[in-house]
Every structure is written in C-alpha cells, then in structure tokens.
Amino acid sequence: MKSQVFSKSRIAAAVSVVLSTAIFQPVLADDDDATTQADAIEIIEVRGIRGSLARSMDFKRESSGVVDAISAEEMGKFPDTNLAESLQRISGVSVSRANGEGSQITVRGFGPEFNLITLNGRQMPGTGFTRSYNLENLSAEGVSALEVYKTARAENPSGGLGATVNIVTAKPLARPGQQFAIMGKALHDSSNEKGDNITPEFSAIYSNTFFEDRFGAAFTFSHHRRDFQRQQANIQGWQANVPLPELADGLAIDPRPLDADGNRIGNHFFPKDMNYSIEDLQRERTNGQLTLQYAPTDTLTLTLDYTASRAITGLEVLGWGIWNEFGGNINAYELDERGTAIFADIGGNDGSFTASKNTTEVKARSIGFNADWFIHDDFRLALDYHDSNNKTDNGADKGSGNSGQVILGSDKLITKTYDYRSGDIPQMGILWRNGTNVLQPGEIDSNFGQFIHSPGDSEIKQLQLDGTWYNSRFNLPLNDIKGGIARTEQNFGGWEAWSGLRGGPGFNPSFVEIFPDSMFTKRSTNNFLDQFQGGGADMLTNYYYTFDFDEAVARQTAFLTADVMGDDVFVPDAYLNGITSQSTVREVTNSVYLQSAWEFEIGSYPVQLNAGLRYEETDVTSTVRQRVERQVNWESASEWIMQYEQGEDTFLTLTGKHDVLLPMFDVRVELTDDLISRFSWGKTISRAPLGALAGGRSLSGSPRPGARSGGQGNTNLQSFESTNLDLSLEYYYAEGSYAAIGYFRKSVDNFIQTTITDITIDGLHDILNGPRYLQAVADIEGRGEQATSTAIFEQMLANGHGNADGRIEPTAQDPLIVWSISQPQNTDSKSVDGIEVAWQHLLGDSGFGFGANATFVNGDVEFDTESLQQQAPLTGLSDSANLQAFYEKDGLSVKLTYAWRDSYLIGVGQAQGSSDAPPQFARAYTQWDLSVNYDLTDNFTVFFEGINLLNETEQGYGRYEEQFLFARQFGPRYAIGARYRF
C-alpha cells in the first residue's frame, strides 16, 4: 500500500520538495545543507500518482517565476512511458509525434527549435544536424523529474525562447542508502504484421552509498524494442497555377468567379503525385547512465556522470502511386471554389511500385564533472563541465551503408486519375495500355534506383562557473546574489552523398525481362488504411505488389552494367559520385550573468523578487562544400538531372557575430496563505536554424519543371529575441489540490522569413520551351495527338536530339533556366499571447483525483493561405488540452489520460510543392491512454498499459483541407509487466 502524507504549512511544503526522493535538485548541485537540517526528520516516502502530483504542485508553488514540473511516481517509474507524452500534461505544452509516439514539444505555440533541453542543467545537443532534441530517444525510467521554466531566468543557458526543459536524474548522495528497482514488460503493437507480436522492454536502476555516505554510485539501464507498421497515403506537394489546356465543355469544371475580361479569379492548385505505402519498422532504444559522487568533507561534493543512449530504427517500405505533370498532359479536371483540384484526369508520365530500405541509428553520449563547494556558510561555488554529442546515421545498415530506394513500374499507360470528391483519402487509378486497371507482373519494368547517405553530428562542450553569496550579515531584504560565467562551444555538421538515379531513369529501353513474374506477389488493400472512409476494400486501385528490395537491387546490379547502361550503370552506392553536399556550423558563446533574490513585505503581503541580467556574445563560422554545376539533362519523360563539373569541390567559409543582453525579473506575492500571484518580465532568445546559417548556394539536383529551386544560407542571421510578459494567479485550496490561471505575451523580434528571388545562371540552359522542345510539340499536335511530356520526350528523341545514351542535353540556343533561390532574412516583429488554465484536485481519502489543463493561444504569426507571397509564420501554434483522471487506493492504481491538440502549422515548404513555399498543416489530434497498477506486495507491482486506445490516426493538408498531404494509421499498443523494488 502506498503511504500518503500531505503537509499543511508552506514551510513544510518547501521541506518536502527537498526531501522527496531527490526529485527536485538545484541545477548543477545537491542541496546538502537542507539534507543536513533534515537529519532528525522522519521521511515518509510518498509514492504513486498522488505523491507525484503533490511534489509537482509544491515545486510549482515555491518556485520563482512561472515553472511547472512532473515528478516520478517512484524510483524507476515515470508517469508516462515517454517523456514528451508526460510533458504535455503541463499547461502550455503540446507534442508532435513520430511513429505514433511523442517526439518533440511545442511550448506556448513555439516549436521544438525554440525550446532548450538541458540534462541536470547542462545544455544538450540537438538530434543530428539540428537544434531540436528528440525526447523519444531518452528512456523515462532513469528520470526523476522534468522541470519546465516558462519565464526567463538569468542563470539558465539561453536558447529556450518558448521554454527551458530540465531533465533531472537521481543523485545517490541526495538519497543515502541502497535502493534498487527492476522492471520488465511485454509489448504488443496491434499494427505489427512483419515483426514479432510481443517485444521486450526492461530496465533497472540501482543506487547506494558507502563509507558513511561519503561515496555514492547510481546506475540506470533500460532497453526497449517495438515492432510496428505504419500505413500511409501521401502527396509530396501541390503546384500553384500550373498551365491549363483548353478543353471541351464538360471536361473542365471550375466554379471560381470570372472577372470583367472573362478570366478566372484566384489561384488554382494541382497535386504533383499520389502515393500509398506500407512501412514495417523495428525500433530499439538502449539507455544507460552512471553517476559517481564523493563528498570528502561536509562542504564539498564531487560528481562524475556518464549518460549514453542508442536508438536504431529499421524501415522497410513498399509503395505504389502516380506522378503528374501538367499543361498538355491534362485531359479533364474539376476544381472547388478555392481552386483546388478535387478530380483530375492526366495522361503521360508513369505509375510505380517502389521498395525502400533504411536503417537509422541515433547515438548520444554525455560525460560531465561537477564540483559543488560551500567555501563557507555564506558562499557557494559550483564548477561544471560536460562534453556531449548526438550523432545520426541513416546508413547504419551494415550490409549496404545506404538508405536505398528502388522504383519499378511502367509508362505504358493511357491515363491516370486523381479523385478526392469523397472520403477521407484521395483515390488514384490508372488505365493501362493493356486495356485494364491492373498492371500485370510481366509488364513491370525498371525505372531507377537511388541511394543516399546523410549523417549528421551535433556536439557541445560547455564550462560553467557559478557562485552564490548568501546574505547573513546585512540587515537587508536581500537573500542571495548568484553570478557566473560560461563558455559553450557547439559544432554541427553533416553531409550527403547521393548516387544519382541509377539504372535509368525512365523505361526506355525496357528491361521487363530482368524481373520474373514470381518475384511479385499481388495483394489486396482490404486491410489498408481501413480506419479512413474510402480506405480498405473501397479503394479505387484495390491492389498492390510486394517484392523483395534486395532481390530487385541484385537483379538490376547484375543486368544493368556499364556495358548496357554506360554512365547510368546500376551501382547501389551513395558515394558513386562522391559527397554531393556538406556543411558545418561552429558557434562559440561566451556568457556572464548576475541574479539576485529578495524577500520583503508590502503592507501585510509577503513578496519575493528575483531579478537578473545575462549577457552573451556568439561567433559563428559556417563552412559549405560547393560543387560547380555544368548543365541539366532531360533523362526521361519524368526526370531532369543536374550534371556537375569534374574535379575537386571547393569550400566556402563565412563568419558572423552577434550579442544579446537578456534582463529578467520575477515577482511573487502571497495574497493569502493559499493564494499566490506572479508577475514576470524578461527576454529570451532562440538562435537561427542551422540550415539557415550555412552559407553558400545550392541548386536542386533533380530540377523538374516547377521545381527549379535552390537555397542560400545567411551566416549573419540574428537570434530570435522575445520580450516576455507573464501574469498568473494560483490558488492552493487543499492538500494536493490547486487551480491556476495565467496570461502570457511574447513579442518576438528578428523573425526569420525566407525570400525567394528568381535568377538565371550563365551556362545553365533550359530544354523546356527551347526551339527543339517547341518543334516537338508542333509535330505531335500536327498529327492531332496529345502533347504529353512523355510524347514530347519521345518526339525529341525521334527528331535526333538525344545523345548516345538516349538523353537530351541542352544547347546554347535554349533559354536560360529560371531558378527560384530562397534565402533567410531577419524581418519584422511578431507577437503571441495566450491563456493557460490548470486544475488539480484530490477527492479527499476516496482515492479519486484528476488533473486538467488547457492552453489558448493567438498571434499575428499565422500563415495566410490566400497569399502566394513568402511569409514568416510561427510553426506549432495551436490550442491544446489534457486531462488525467485516476483512482489510487489499497494498492490499486488506475489512470486514464486524454490529450487534444488543435490543428497547427507543421512547416512551410513541401517536397514537391511549387516555389511559393506552400504550407503543411496537421489536423486536430486526440488520444486516450490507460494504465493500471496493482501492488501484490509493498515491493512487487504488476501493471497494464494501453496506448492510443481508440486507434486515432494522423492527417495533414496544405493551404486548405482539400489539399490532402498525408493520412497515417498505426494502431493501439498494449503492455503488461511487473516492477520489483527494495
């Protein structure tokens, strides 16, 4: 049975924060003096849901500024199986998901790149070549608490414009004696088809102290594996204002109004493709942490810790779909009132059956040392150093070292259709030249394969020196003054090697003889996307083929040799053409801060004031590999490929510099013993995205019509600077119960907007609409035939414009290609404001209780879907709400949780979208989870977990909901297990 003791005074509440199983420790150090003062106090451990909520509430109540926390329910047991899922229980925090799990967080409308993750007060590197930290790669079992600082604090490292999230792990000297907990569970993911139906998860945490509690050691280890399937329909992008042909009456339905000249008013949009896929995944995560502490005296504590994690995800994908080009390819279409194609009949191009294989490994490690020294009663010094990195590698498949894709299919079609006039997902159909809607196995041809390796690395080395002076001599309302200096060196790097399109591209010449009929197995879509209206057996194309990726690679490697293909030889090697792009960014930040804490009364109201100032100076160095572009070849009806000059690549190095001054103050007023008001003001920053800082210009390696794009970085981008205002009122009306409401406003300067400039580059000529291209169109139309891209390509070859390999090269008579080059620039200010409400209530001794929160946000940062101009919106902005209801008594614990997030902007730009950088939105999402624990003895617990009980799905769209982007289906997950502790 779980013991429960609740304090009734504010002093006792503060002591409980310090004593409760080392949950809340000051950043970088242990509160040894508080432990000494409490030696004579009998500590009654409060475990379980009620204990976790009570500790979190006490921490919130006693903190300066607007701070929330989540505490472990007991040693080795966090409230949720995933740290991101736990964080969304805090008002203002919502999560984005990867593979059906919480991955990254948005706080008060600011997405992952605006939030800083620290581990025991140390700034952690982002995952790979990013600033964003993926929380799903860190096990929850070794975590004691999560602290979320929503307002500025001078002592915290900068970077958390939205919030700073501190992950707290246990320290052995903070909880003397031996503790041990071990957990094992069996996982079942209902979506799994290819892997094991039952997969393991286990963890162990051990802590002990020796030599009269002078030396302590703590060790945590966990391993998790999940086998599952992701089913998906997706469109890679929408093209705005594509050329429309003149069609007979009834073949073009367009309800948009007409202007005085008879022209349609508004824009129109067509999908570049339509794809479906079945993705089988196996994911393993292994975490470990070792912490050693030594206290040679009562005033000095030395801590050495090492944390490591490894997450590896294997992915095998089978897909099918269509590829579209427009203009003369369009046979018929229907638009809605806003110009979005909801039906299109399009000729040319091809239909495909694809297979992909990828293994991605994410390895992180952090080693740190901390010395915490009370030089005397009034002065404390803390020295902390850590060296941490995070590496991603999508070539972790030991057999290939690549992320590979093989595209088979055929261009022997009459027409393709796209239909989104009903249902939850669009339908696609193909009328093949065999007179049916089914491509036979013997007609499946080789298009191309491509192989990519793009590892990334993020590293931080940070040295911090902090000192605190405690005022015991002067009769002033000053409690303490804290100051410090720090140096942070961050290095981010990554490169990409791309094989190019091997073994083609295109279906001319044909190689259907490579693949025997027995290689393909025809499958029904009966169980595919069956949670969506229009999925399953109702799909228009209700079949697909499965085949083995490795066999397809082996057959093409054996048959499509250099003797047959020349330069297009099929070689499954990402490095066939060397490294195609590479960039590194180095940031060195020197900082200094001063912070003071005051306590006094105004009238009869106790007041706490925390004021501080932080100054930072950052030097940025960017190095980018530059390749010299030679020309763009038209290699097949659907593929245009950049050709590069041979020889050594050059490297461009650019530098930048910026500094920032970050003031802050917090005021906390106790209106009554139970009613607290807060006012906070301060400045926070988030630095520019890494990709935006990387200087140099790059052009698309596959510049199809409508996708002639490129990018250029800006090393002198300034940081986002936010001036923050917070007001809150908190009512702690009963034991473990409170209600709170808060208002926040963030005014952000230096917002980053991507500007797009159309340029031409000498020597890069465009076959499209050149004299040879236009002659081919005239030849085709002169015969009364449709001038599709496939027909134009074949006509140009027939006119003698192909090279020896059947590719079309540009000439000086062709016009220059118009490139749309995007570059980030700092722009105007934006603001976000919102209201947070939270209510936590324990129903006396009944065992029942609940916690609920909601956040409502608004701002001038939304994407204007009616504009094709470049914009600087804020991604992730959305309302959200969470609820947890529980019963906990007599050894039984039952918790039901609900999470809701409204629709939000995922990002700007679509992989195959037009150059106006169209948006990606996520639809509103809800999820119900359940956990049940029962204590068979005081030390042995069995439990059940159910995740995504109602099989919720994920959906996304473009400018409007009619511009479908994706629909994903996973499935519920269940686990049973046991936990033992002593």
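Above this text is the structure in question.
Nothing here was measured: the structure is a model prediction, and the numbers come from that model.

Cut-offs used in this document
- Residues numbered from 1 in each chain as written.
- Predicted model: local features only at pLDDT ≥ 70, side-chain atom pairs only at ≥ 80, totals over all residues.
- Heavy atoms only, no water.
- Core = buried A, V, L, I, M, F, W, Y, C linked by side-chain atoms within 4.5 Å.
- Buried < 20%, exposed > 50% of the residue type's maximum accessible area, 1.4 Å probe, protein only.
- Helix = DSSP H or I, 4+ residues; strand = E, 2+ residues; numbered from the N terminus.
- Contact = heavy atoms within 4.5 Å.
- Pairing = 2+ DSSP bridges.
- Patch = residues over 30% accessible without salt bridge, like charges linked within 9 Å, V, L, I, M, F, W, Y side chains within 5 Å.
- Areas by Shrake-Rupley, 256 points an atom, 1.4 Å probe, with all protein chains shown as cover.
- Salt bridge = Lys/Arg side-chain N within 4 Å of Asp/Glu carboxyl O.
- Polar contact = N/O pair within 3.5 Å; in protein donor to acceptor, adjacent residues only side chain to side chain.
- Axes fitted to C-alpha atoms, helices over the stretch in contact; angles between N-to-C directions.
- Parallel < 35°, antiparallel > 145°, perpendicular 65-115°, else oblique.
- Nonpolar A, V, L, I, M, F, W, Y, C, P; charged D, E, K, R; others polar.
- Arc of directions from axis to C-beta.
- 1 Å grid on protein atoms, 1.4 Å probe; cavity = no way out; pocket = protein on both sides within 12 Å on 5 of 7 lines; lining within 4 Å.
- Points joined across faces, edges and corners; volume = space filled by probe spheres on them.
- Phe/Tyr/Trp six-rings, centres within 6.5 Å; stacked < 30°, edge-to-face > 60°.
- Lys NZ or Arg CZ within 6 Å of the ring centre and 35° of its normal.

### Some remarks on the nonpolar core
- M274, Y276, W320, L408, F520, F547 and F964 are the most contacted members of the largest nonpolar core, which totals 51 residues.
- For this core, the element with the most residues is strand β49 (residues 964-969), which contributes four residues.
- When neighbours within four sequence positions are excluded, F520 is seen to be in contact with L408, P441, I444, F515, Y545, T546 and F547.

### Section: the sheet that holds strand β7 (residues 163-169)
- Read from one edge to the other, the open sheet built from five strands follows the order β1-β6-β7-β4-β5, with strand pairing classed as mixed. In this open sheet, the two edge strands, each paired with only one partner strand, are β1 (67-71) and β5 (122-123).
- Of the strand pairs in this sheet, strand β4 (residues 115-119) and β5 are connected by two bridges, and their pairing is antiparallel. Across the sheet, T118 pairs through a bridge with Q123, a residue of β5.

### Notes on a nonpolar patch on the surface
- Where nonpolar side chains cluster on the molecular surface, the patch consists of F202, Y206, F210, F211, F219, F221, L290, L304, Y306, I367 and F369 and spans about 1,000 Å² of accessible area.
- Looking at the nonpolar patch, the elements with two or more residues in it are β9 (199-210), β10 (215-234), β15 (300-323) and β18 (351-376).
- At three residues, β9 tops the list of elements feeding residues into the nonpolar patch.
- Along the chain, F221 falls in strand β10.

### A closer look at the side chain of Q464
- If you trace the backbone, Q464 turns up in strand β24 (residues 456-470).
- A residue is classified by how much of its surface remains accessible, and Q464, at 5% relative accessible area, is buried.
- At 3.3 Å, the side chain of Q464 and the side chain of Q462 are in polar contact.

### A short note on the pattern of salt bridges
- Counting across every chain of the model gives 49 salt bridges.
- We note a salt bridge from E639 to R704, for which the minimum N-O separation is 2.8 Å. Taken together, the residues E639 in strand β31 (residues 639-644) and R704 in the loop between β34 (697-699) and β35 (709-712) connect sequence positions 65 residues apart.
- Residue classification places R704 among the buried positions, given a relative accessible area of 10%.
- One salt-bridge network, held together by shared partners, links K60, D68, R108, K150, R678, D726, E730 and E836.

### Regarding the packing of helix α8 (residues 771-782) against helix α9 (residues 789-798)
- Look at α8 against α9: their axes get within 9 Å of each other, and the N-to-C directions meet at 105°. With respect to α9, the axis of α8 lies roughly perpendicular. In contact with R772, Y773, A776, V777, D779 and I780 of α8, α9 contributes A791, I792, Q795 and M796.
- Each residue belonging to the contact of α8 with α9 can be placed in one class, and the counts come to seven nonpolar, one polar and two charged.

### Details of the environment of K657
- With respect to the element layout, K657 can be found in strand β32 (residues 650-670).
- Expressed as a C-alpha distance, the spacing of K657 and D619, which sit 38 residues apart in the sequence, is 4.6 Å.

### With respect to the sheet that holds strand β39 (residues 816-826)
- Strand order in this open sheet of four strands is β34-β35-β39-β38, and the pairing throughout is mixed. One side of each edge strand has no neighbouring strand; the edge strands of this open sheet are β34 and β38 (752-765). In this sheet, adjacent strand axes meet at a mean angle of 25° when their direction is disregarded.
- The sheet contact formed by β35 and β39 spans three bridges and is parallel. If you follow G711 over to β39, its bridge partner there is S822.

### Re helix α5 (residues 549-559)
- For α5, the full list of buried residues reads F549, A552, V553 and Q556. Buried positions in α5, seen along its axis, are confined to an arc of 100° and lie on one side of it.
- On its buried side, α5 packs onto β18, β20 (403-410) and β23 (445-453).
- Two or three places before D550, at the start of α5, stands the capping residue D548, its side-chain oxygen 3.2 Å from that residue's backbone nitrogen.

### Focus on empty space enclosed by the protein
- Each pocket or cavity is described by its volume, and for the largest cavity that value is around 560 Å³.
- If you go around the largest cavity, you meet 39 residues; those closest to its centre are D80, T81, K185, E945 and I947.
- Of all the elements in the fold, those that place two or more residues in the lining of the largest cavity are β3 (101-107), β8 (179-189), β9, β10, β43 (892-901), β46 (925-935), β47 (940-947) and β50 (973-981).
- Of the residues in the lining of the largest cavity, the class split is 12 nonpolar, 11 polar and 16 charged.
- There is about 370 Å³ of room inside the second largest cavity.
- Around the second largest cavity, the lining is made up of 27 residues, and of these L53, A69, R89, Q840 and Q884 lie nearest the centre.
- At the level of secondary structure, the elements contributing two or more residues to the lining of the second largest cavity comprise α3 (48-62), β1, β40 (830-842), β41 (848-859) and β42 (880-889).
- In terms of residue count, the dominant contributor to the lining of the second largest cavity is α3 (six residues).
- For the lining of the second largest cavity, the per-class residue count stands at 12 nonpolar, nine polar and six charged.

### A word on the environment of I676
- Residue position: I676 is located in strand β33 (residues 675-686).
- Its relative accessible area of 0% is what places I676 among the buried residues.
- When the C-alpha atoms of I676 and P606 are compared, they prove to be 9.9 Å apart, with 70 residues separating the residues in sequence.
- Non-local contacts of I676, meaning those with residues more than four positions away in its chain, are made with R61, R668, V669, E670, S728, L729, E730 and Y732.

### Things to note about the packing of aromatic side chains
- Within this structure, the stated rule accounts for 38 aromatic pairs.
- Between F353 and Y545, the ring centres sit 5.2 Å apart and the planes meet at 75°, which makes this aromatic pair edge-to-face. Here F353 is found in strand β18, whereas its partner Y545 is found in strand β27 (residues 543-546), with 192 residues between them in sequence. Just as F353 is buried, Y545 falls in that class too.
- Ring plane angle 70° and centroid distance 6.1 Å describe the contact between F520 and Y545, whose orientation is recorded as edge-to-face. Taken as a pair, F520 in the loop between β25 (478-498) and β26 (521-524) and Y545 in strand β27 lie far apart in primary sequence, 25 residues in all. Side by side, F520 and Y545 carry an identical accessibility label, which is buried.
- An aromatic cluster of three or more residues is present, and its members are F353, F515, F520, Y543, Y545 and F547.
- Residue placement shows R627 over the ring face of Y644; its charged tip is 3.9 Å from the ring centre.

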